[in-house]
Amino acid sequence: QAGITLKILQPELEEKIKVAMPEIRSKLLFLLSGKFPSELQGAEGKKKLVAEIIVEVDSALGIATPVAEATAPEAVPDETAAAASAPAPQPAPAAAPKTTGVVDVLFTSFIIQ
């Protein structure tokens, strides 16, 4: 069981959320019912769930959610290449905060059985 509050920055989305609430609830029930309790025990699992909820709600509202570059598949390194010739990995630039659609999901209750 989870109680959530959706954080939005655009006041005009409030009415769209109310109208789409049956679809949003259905999508979130499907999402949550597919999770194992072990996936949601730690903070990382909950953070991933927040990201998945944002995608589902934005989808129900017809808002495109940018895909994080971190989830893009990475190239498999060639095992025959010398490690010294490879450039040092650069840290990824910090992603700009989301300002459209649902910007955060706040849990008001979270019960795992």
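Structural data are supplied above this passage.
Structural notes, computed from the coordinates. Predicted model, so just to flag it, every value in this text is computed and none were measured.

## Observations concerning the packing of aromatic side chains
- In the structure shown here, the tally under the stated rule is 1 aromatic pair.
- Residues phenylalanine 107 and phenylalanine 110 carry aromatic rings whose centres are separated by 4.9 Å and whose planes lie at 85° to one another, so their mutual orientation is edge-to-face.
- Of the residues examined, phenylalanine 107 reaches a relative accessible area of 28% and is grouped as partly exposed.
- Since its relative accessible area comes to 25%, phenylalanine 110 is described here as partly exposed.
- Note that lysine 46 overlies the ring of phenylalanine 110, its terminal NZ or CZ placed 5.1 Å from the centroid.

## Structural notes on helix H1 (residues 13-33)
- Between its first and last C-alpha atoms H1 spans 26 Å; for 21 residues at 1.5 Å apiece the expected length is 30 Å, and the helix comes up short by more than 12%.
- The axis of H1 is deflected most strongly, by about 65°, at alanine 20, and proline proline 22 appears within four residues downstream.
- Here H1 has its buried residues at Leu13, Ile17, Ala20, Ile24, Leu28 and Leu31.

## Section: the layout of surface pockets
- Its boundaries defined by the atoms lining it, the second largest pocket holds a volume of some 210 Å³.
- Lining the second largest pocket we find Gln1, Ala2, Leu32, Lys35, Phe36, Pro37, Leu40, Phe110, Ile111, Ile112 and Gln113.
- Residue classes in the lining of the second largest pocket are distributed as 8 nonpolar, 2 polar and 1 charged.

## Some words on the nonpolar core
- Counting 17 residues, the largest nonpolar core has Ile24, Leu28, Ile53, Val57, Leu61 and Val105 as its most contacted members.
- Broken down by secondary-structure element, the contributors of at least two residues to this core are H1, helix H3 (43-61) and strand E2 (102-110).
- Isoleucine 24 has contacts with Ile17, Val57, Ala60 and Leu61, leaving out every residue within four places of it along the chain.

Reading guide: rules and limits
- Residues numbered from 1 in each chain as written.
- Predicted model: local features only at pLDDT ≥ 70, side-chain atom pairs only at ≥ 80, totals over all residues.
- Heavy atoms only, no water.
- Phe/Tyr/Trp six-rings, centres within 6.5 Å; stacked < 30°, edge-to-face > 60°.
- Buried < 20%, exposed > 50% of the residue type's maximum accessible area, 1.4 Å probe, protein only.
- Lys NZ or Arg CZ within 6 Å of the ring centre and 35° of its normal.
- Helix = DSSP H or I, 4+ residues; strand = E, 2+ residues; numbered from the N terminus.
- Expected span 1.5 Å × (residues − 1).
- Bend = angle between axes of the 7 residues up to and from the residue.
- 1 Å grid on protein atoms, 1.4 Å probe; cavity = no way out; pocket = protein on both sides within 12 Å on 5 of 7 lines; lining within 4 Å.
- Points joined across faces, edges and corners; volume = space filled by probe spheres on them.
- Nonpolar A, V, L, I, M, F, W, Y, C, P; charged D, E, K, R; others polar.
- Core = buried A, V, L, I, M, F, W, Y, C linked by side-chain atoms within 4.5 Å.
- Contact = heavy atoms within 4.5 Å.

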